Amino acid sequence: MIDIIRKKRDGAALSAREIGFVAAGAASGAIPHDQLAAWLMAAWLNGLSLGETRALTLAMRDSGEKFSPARLGKTAVDKHSSGGVGDKTSFLVAPLAAACGVAVPMISGRALGHTGGTLDKLESIPGYRTALSLSQFETVLMRCGCSIVSQTPSLVPADRVLYALRDHTGTVENPSLICASILSKKLAAGLDALVLDVKTGSGAFLKSYEECEYLAALMVATAEAAGTRTVALLTDMDQPLGQAAGNWIELAESVDLLRGNRPPAIDDLRELSLILAGWMIHLGGKTGSPLEGYQLAEAALTDGSALAIFFKMIDAQGGDVSVFEDPAAFHKPGATRVVDAWMSGVIASMDTTSLGWAVQRTGAGRENAGEPVDPHAGIVFHARRGASVVAGEPLATIYATNEGMLDEPEAILRKAIHISEEQPRPVKLVSRIVTPEVAAEILAEAPSC
Ligand code: URA
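Residues numbered from 1 in each chain as written. Predicted model: local features only at pLDDT ≥ 70, side-chain atom pairs only at ≥ 80, totals over all residues. Heavy atoms only, no water.

1. Focus on the packing of helix α4 (residues 50-61) against helix α9 (residues 175-187)
Thought 1: α9 packs onto α4 with a crossing angle of 35° between their chain directions and a minimal axis gap of 8 Å. In the packing of α4 onto α9, the handedness of the crossing is right-handed. From α4, Thr 53, Leu 56, Thr 57, Met 60 and Arg 61 reach across to α9, where they touch Ser 176, Leu 177, Cys 179, Ala 180, Ser 181, Leu 183, Ser 184 and Leu 187.
Thought 2: Grouping the constituent residues of the contact of α4 with α9 by class yields seven nonpolar, five polar and one charged. (Axes fitted to C-alpha atoms, helices over the stretch in contact; angles between N-to-C directions. Helix = DSSP H or I, 4+ residues; strand = E, 2+ residues; numbered from the N terminus. Left-handed = near helix turned anticlockwise from the far one by under 90°. Contact = heavy atoms within 4.5 Å. Nonpolar A, V, L, I, M, F, W, Y, C, P; charged D, E, K, R; others polar.)

As structure tokens, then:
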């Protein structure tokens, strides 16, 4: 291990065998954490080549147990988002794609930093179990076509160790390490195809558009080299997606769309979900183009078949579907406050990362790993970017765990939403589609490759 650290420290490329040694040693505990931390810093500072990134991804994928979708008899396709505020597309794309004939084995995560977590949101449904064994996961997939679960303790153990060390050593923000961490978990689910939703804008983890493009290209090239058909969409996170950001309120908003309703205020969520599902269906081999996939998904939204699958999956995972009969009646926040517009004008911009922190401070997110979250907390944003507002009109409704937790989110929100006379420049919902060909072009032009 000392030789491998020295080699990376001095900027040399490591062989697949050397990288495999690091990943296997991280998973088994054979390599001490101080050596792993030194190696991570050397990798962070000197970068990993495309070949090294690929080798690390595969070695991490193979560091523990894996899921095989072979017995499902369908192509297995998933979607992964780089994380955002109000990003609830998983609740739509999983049943939409399943309704159109592909299997969706979705292994999701919890709230991280300013972004929400799919598992925390699902656990606001009484009884819903996210911790299934791989054989229970398979059973739900066979019955419903989709299943949304948490990572099992033995799936990709190398990432468990390396991610915790990265968190403690300032080595999270490196495209190769992020790529290997995300893809090792996705590829361990045995996917045939993968759609990546890489967020850009004020609410994204990576702040510059070029960094987002590079990460998207790196992940597409790496997943493709591992035999998984992959495309990445660069999508807008310059404002929350849809209106609700929190736990239960995000599920309620998603089910409203699955019921076939079409509130104009959440048309961005509907559109992005259909585009992502369209790509999943297309890459899953069900249609000749993503547009035809979109049309199939739209039919499954309108005819209620996706809703039926979503409810069937919740029931199969122990959740009480009856809470969706009247979502507003089930919603019982500890305290509520409406924040009115403080002046007339247009919503010129939103600092979406700060808005994510405001949501976290309502009680909807957690400060430390393992802490519980409040299922009923969150914020509903009534006005979109570019909308005209009149002073005194409701801008947002804050739902907090208790009265004492209303002031901080309100203060953050007042600073993060900018009202002015000027119309903001329009932002595209999907700004770029990174196919394997586009990924090759981006990587060829990138200085770090
Ligand atoms: N999510 C992950 O799973 N890993 C990373 O490195 C970053 C985000």
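2. Overview of the site of the ligand
Thought 1: In the vicinity of the ligand, the contacting residues are Tyr 163, Arg 166, Ile 178, Ser 181, Ile 182 and Lys 185.
Thought 2: Burial of the ligand by the protein amounts to 80% of the accessible area it has alone, namely 240 Å².
Thought 3: Among the secondary structure elements, those contributing two or more residues to the shell around the ligand are α8 (157-169) and α9.
Thought 4: Broken down by class, the residue content of the shell around the ligand amounts to three nonpolar, one polar and two charged. (Near = heavy atom within 4 Å. Areas by Shrake-Rupley, 256 points an atom, 1.4 Å probe, with all protein chains shown as cover.)

3. Let's talk about a nonpolar patch on the surface
Thought 1: A contiguous nonpolar surface patch, about 280 Å² in accessible area, is contributed by Met 41, Trp 44 and Leu 45.
Thought 2: Counting through the fold element by element, Trp 44 comes out in helix α3 (residues 33-46).
Thought 3: With a relative accessible area of 32%, Trp 44 lands in the partly exposed category. (Patch = residues over 30% accessible without salt bridge, like charges linked within 9 Å, V, L, I, M, F, W, Y side chains within 5 Å. Salt bridge = Lys/Arg side-chain N within 4 Å of Asp/Glu carboxyl O. Buried < 20%, exposed > 50% of the residue type's maximum accessible area, 1.4 Å probe, protein only.)

4. With respect to a positive patch on the surface
Thought 1: Positive charge collects at one region of the surface, where Lys 74, Arg 143, Lys 286 and Lys 312 lie side by side.
Thought 2: Along the chain, Arg 143 falls in helix α7 (residues 134-144). (Lys, Arg positive; Asp, Glu negative; His and termini not counted. Charge placed at Lys NZ, Arg CZ, Asp CG, Glu CD.)

5. A look at the packing of helix α2 (residues 16-28) against α4
Thought 1: Across the interface, α2 lies against α4 with an axial gap of 9 Å and an inter-helix angle of 40°. Between α2 and α4, the crossing angle belongs to the class labelled oblique. Pair α2 / α4 crosses with right-handed handedness. Facing α2, whose interface residues are Ala 16, Ile 19, Gly 20 and Ala 23, α4 presents Glu 52, Ala 55, Leu 56, Ala 59 and Met 60.
Thought 2: For the contact of α2 with α4, a count of residues per class yields seven nonpolar, one polar and one charged. (Parallel < 35°, antiparallel > 145°, perpendicular 65-115°, else oblique.)

6. Digging into the sheet that holds strand β4 (residues 193-200)
Thought 1: Reading across the sheet, the four strands line up as β1-β4-β5-β13 and stay open at both edges, with mixed pairing between neighbours. What marks the edges here is a single partner per strand, and that holds for β1 (77-81) and β13 (430-434). Ignoring strand direction, the axes of neighbouring strands in this sheet form an average angle of 15°.
Thought 2: Pairing of strand β5 (residues 229-236) with β13 involves four bridges; the strand directions are antiparallel. (Pairing = 2+ DSSP bridges.)

7. Here we look at the pairing of strand β12 (residues 417-420)
Thought 1: Alternating positions in β12 separate cleanly, Ile 417 and Ile 419 being buried on one face and His 418 and Ser 420 remaining unburied on the opposite face.
Thought 2: Here strand β8 (residues 345-350) runs beside β12; their pairing, made up of four bridges, is antiparallel. The residue bridging Ser 349 from the neighbouring strand is His 418, located in β12.

8. Focus: the packing of aromatic side chains
Thought 1: Scanning the model with the defined rule gives five aromatic pairs in all.
Thought 2: Ring centres 4.9 Å apart and planes at 50° place the aromatic pair Phe 67 and Phe 137 in the tilted group. On the criterion of sequence distance, the pair formed by Phe 67 in the loop between α4 and β1 and Phe 137 in helix α7 is long-range, its members being 70 residues apart. Comparing Phe 67 with Phe 137 shows no difference in burial state: the two are buried.
Thought 3: What links up through ring pairs into an aromatic cluster is the set Trp 248, Phe 311, Phe 324 and Phe 330.
Thought 4: For Lys 185, the ring lying beneath its charged end belongs to Tyr 163, and the centroid distance is 6.0 Å. (Phe/Tyr/Trp six-rings, centres within 6.5 Å; stacked < 30°, edge-to-face > 60°. Lys NZ or Arg CZ within 6 Å of the ring centre and 35° of its normal.)

9. Quick look at the sheet that holds strand β9 (residues 378-381)
In sheet architecture, strand pairing relies on hydrogen bonds along the backbone and comes in two forms, parallel and antiparallel.
Thought 1: Pairing is antiparallel in the open sheet, where four strands are placed in the order β6-β9-β11-β7. The outermost strands of the open sheet, each flanked by one partner alone, are β6 (244-246) and β7 (335-340). With direction set aside, neighbouring strand axes in the sheet form an average angle of 15°.
Thought 2: Across three bridges, β6 lies against β9 in antiparallel orientation.

10. Re the side chain of Asp 159
Thought 1: Following the sequence through the fold, Asp 159 ends up in helix α8.
Thought 2: Filtering out sequence-adjacent residues up to four positions away, Asp 159 remains in contact with Met 60, Ala 164, Ser 181, Ser 184 and Lys 185.

11. Regarding helix α18 (residues 436-445)
Thought 1: Among the residues making up α18, those that are buried are Val 438, Ala 439, Ile 442 and Leu 443. The buried residues of α18 occupy one face: seen down the axis, they fall within an arc of 130°. In α18, the exposed positions angled more than 90 degrees off the buried face are occupied by Glu 437, Ala 444 and Glu 445.
Thought 2: Close packing links the buried residues of α18 with α4, α10 (209-225) and β13. (Arc of directions from axis to C-beta.)

All we've got here are geometric facts, nothing functional implied.
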